[in-house]
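Residues per chain, in single letters:
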Amino acid sequence: MKDQHRLRIVVAFGAVALLLVLAAAAPPHLKVSNTSPEDGATLGGPVRTLRVWFNQEPDLPLSKLELTGPTGPLSVEGLHTMGEKDLMARVSGRMPDGSYTAKWQTAGDDGHVLTGEWTFTIDRGGR
């Protein structure tokens, strides 16, 4: 009976140890490390590029960048990476003063598709 109890304890500890090793070996989720324009920034004029950096290389075929402003969606073209764990694209169109939301989608090392967003404001200060 004692041997069975010891065996159960050893198996339980072994299972816990295996789970800890597997958890440590799993790649971390992709996270944003920086954006351009910066999240929350107030700019004195329009932007011509959006750029977002991650803690891992983004999966370009699964990636998107979008921008919406006070008059609706803007054209975001030429999505690419500069090889710095980033996504970058050109913005075209009129950008009046107001609040803008940039949205991204990509996947990292673990293959999970993730999304996020950041905001910035254009305020020419009455110019």
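Read on for an overview of the structure. All of these numbers come straight from a predicted model, not from anything done at the bench.

1. Comments concerning the nonpolar core
Next, step 1: In terms of nonpolar packing, the biggest core is built from 18 residues, with Leu-50, Leu-65, Leu-67, Met-95, Trp-118 and Phe-120 touching the most fellow members.
Next, step 2: Contributing elements (two or more residues each) for this core: strand E3 (49-54), strand E4 (64-69), strand E7 (86-92), strand E8 (98-107) and strand E9 (113-122).

2. Let's talk about the environment of Gln-56
Next, step 1: Looking at where Gln-56 falls in the secondary structure, it is placed in the loop between E3 and E4.
Next, step 2: By relative accessible area, which is 4% here, Gln-56 ends up buried.
Next, step 3: Separated by 28 residues in sequence, Gln-56 and Glu-84 have C-alpha atoms that sit 9.1 Å apart.
Next, step 4: Gln-56 has contacts with Pro-28, His-29, Leu-30, Lys-85, Gly-108, Asp-109 and Asp-110, leaving out every residue within four places of it along the chain.
Next, step 5: Within the structure, the side chain of Gln-56 is placed 2.6 Å from the backbone nitrogen of Asp-109, a separation counted as a polar contact.

Thresholds applied
Residues numbered from 1 in each chain as written. Predicted model: local features only at pLDDT ≥ 70, side-chain atom pairs only at ≥ 80, totals over all residues. Heavy atoms only, no water. Core = buried A, V, L, I, M, F, W, Y, C linked by side-chain atoms within 4.5 Å. Buried < 20%, exposed > 50% of the residue type's maximum accessible area, 1.4 Å probe, protein only. Helix = DSSP H or I, 4+ residues; strand = E, 2+ residues; numbered from the N terminus. Contact = heavy atoms within 4.5 Å. Polar contact = N/O pair within 3.5 Å; in protein donor to acceptor, adjacent residues only side chain to side chain.

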